[in-house]
Amino acid sequence: MRLSLLYTAGIVAGICFAAQDTFAQDTLAQTSRPIPDLIENLGADSYTSRRQARHSLLQMAKQDATLAEQVRRLLRAAQEKTDDFESKLATRSLLADLREIEFDASINRFLYDPAFDADQMTGWESFAGCAGHDDHARRLFVSVLKRNPSFVVSLQDRDYVALTRFAEADLRRDDAVGWSMLLATACQTPTVLPSDVVFRVNAALRCDGAGPMVVAGPITENGIPSWRERVLQRMISRYLDHSAMDIRDKICIGIRYQCPRAEEWCHEVLANRNETASRTVTALLGLSKLSPHDERVDSLLSSYRGDYRTSHVWRSMAAEKTTRRTQVRDIAVALSLHRKGVDPRSVGFDMLQADPILMFRAYSLGFESGEAREASFLEALARLDGVSSAPPVE
């Protein structure tokens, strides 16, 4: 019984191999036939003839670009002339396959051929203006192109109406392709997007728990952000460069996404002593976060110990409702303590709250009364004068 089954299986396999070999030989013979004859065979009564003709035309298109264009041209002409439903259906399907082959060939050349003119890729220059021109930016652009070809056309044509629709889409945090489309749109149309769309984008980038997962998202094994994350960081930096948002938001977003100009924006605020107290406080917090061991920042913080301006007023909603006011000097002293390795809570900053971006929430460093502040400062300054430099408290 077992030998009989093996014998039968061998016969079936032999028939299959023979059929495949016959099909390959017939296809090879048909490849040398004129293209019009092969196109005519797409509507033949024989299924084998139709299949062989289709395969031969595809092989021609894959081997030579000039021949591929000729096949497409003759197929379009045949589609218009024939009234045979089978031929129309086969021609339409084959043209779709040829377009896919042409698309894949262009993508491969765009990614791997140094001699390929990238300007031929619709929308690439506009996208690269925000994402950069390196290989990682190209790979992300290809992902965008495969997901939504109409987007890159709108980007190329600066179709602001269509781009606004893309910008209004809701995105998951892990959708790097979607966020790259949104950021490319925002970079292209910073003054054209509706104010509610701009506000939503800025709020998502500013708030921890929203926006693209770049810093807290997937990373490689050695802890370095993935190539998608690096491109998104670059696009966010580019967006911030052209955005008219408040510099406090720029600082926070820049720190969150490790933008190279974040420290520059902090210094820009602190260089102007007429800046608002709120912006000054944000810049002090940001600069301390970015340069935890820079002695120049320590000196700068010391210079703000006499700044009595109020930056925040916070009313507690707990059972004993209290109002706390934060002055610029409160931030300067609390940061100085932290940088010396002293926990600010140990000297009276008892309502201190951590912040995932700026380290501390500015409003939580205030005091209920002037007496409480002075008592805290008396101990804090004594500790600062008596404590040698130490690593900041984590």
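The shown structure was predicted, so the numbers you read here are calculated from the model rather than taken from an experiment.

### A few points about the side chain of R324
Phase 1: Looking at the element boundaries, R324 is found in strand β2 (residues 323-327).
Phase 2: For R324, the side chain forms a polar contact with the main-chain oxygen of G366, separated by 3.3 Å.
Phase 3: Ignoring anything within four residues of it in the chain, the contact list for R324 reads H312, V313, W314, D350, M351, G366, F367 and E368.

### Details of the pattern of salt bridges
Phase 1: Taken as a whole and assessed by the stated rule, the structure comprises 18 salt bridges.
Phase 2: One salt bridge connects D246 with R279, and the closest N-O pair in it is separated by 3.0 Å. One end of the pair, D246, is in the loop between α12 (227-242) and α13 (247-256); the other, R279, is in helix α15 (residues 277-290), with 33 residues separating them in the sequence.
Phase 3: Exposure remark for D246: the relative accessible area of 21% places this residue in the partly exposed category.
Phase 4: Among the residues examined, R279 registers a relative accessible area of 25% and is labelled partly exposed.

### Describing the packing of aromatic side chains
Phase 1: Under the definition given, this model contains 6 aromatic pairs.
Phase 2: Aromatic side chains F127 and F141 sit 5.4 Å apart centroid to centroid with 55° between the ring planes, which places their arrangement in the tilted category. Here F127, found in helix α6 (residues 124-131), pairs with F141, found in helix α7 (residues 135-147); they are 14 residues apart in sequence, far enough to count as distant.
Phase 3: Each ring, one from F367 and one from F377, has its centre 6.3 Å from the other, and the planes form 75°; the classification is edge-to-face. With F367 in the loop between β4 (359-360) and α18 (370-386) and F377 in helix α18, this pair connects stretches of sequence that are 10 residues apart.
Phase 4: What makes F367 buried here is its relative accessible area of 3%.
Phase 5: An aromatic cluster of three or more residues is present, and its members are W124, F127 and F141.
Phase 6: For the cation-ring pair, R139 lies above W227, with the distance from its terminal atom to the ring centre recorded as 4.1 Å.

### A closer look at the confidence of the model for the protein
Any region with low pLDDT has predicted coordinates that should not be read closely.
Phase 1: Summing up the model confidence of the protein, the mean pLDDT is 78 and the portion of residues at 70 or higher is 81%.
Phase 2: Considering each helix and strand of the protein separately, the mean pLDDT is smallest for helix α1 (residues 2-31), with a value of 45, and largest for α15, with 94.
Phase 3: Every residue in residues 9-13 is under pLDDT 50, and counting partners more than four places away or in other chains gives 0 contacts.
Phase 4: Here residues 216-223 is modelled with pLDDT under 50, and outside its nearest four sequence neighbours on either side it reaches 8 contacts, counting other chains as well.

What counts, and where the lines are drawn
- Residues numbered from 1 in each chain as written.
- Predicted model: local features only at pLDDT ≥ 70, side-chain atom pairs only at ≥ 80, totals over all residues.
- Heavy atoms only, no water.
- Helix = DSSP H or I, 4+ residues; strand = E, 2+ residues; numbered from the N terminus.
- Polar contact = N/O pair within 3.5 Å; in protein donor to acceptor, adjacent residues only side chain to side chain.
- Contact = heavy atoms within 4.5 Å.
- Salt bridge = Lys/Arg side-chain N within 4 Å of Asp/Glu carboxyl O.
- Buried < 20%, exposed > 50% of the residue type's maximum accessible area, 1.4 Å probe, protein only.
- Phe/Tyr/Trp six-rings, centres within 6.5 Å; stacked < 30°, edge-to-face > 60°.
- Lys NZ or Arg CZ within 6 Å of the ring centre and 35° of its normal.
- pLDDT = per-residue confidence, 0-100.

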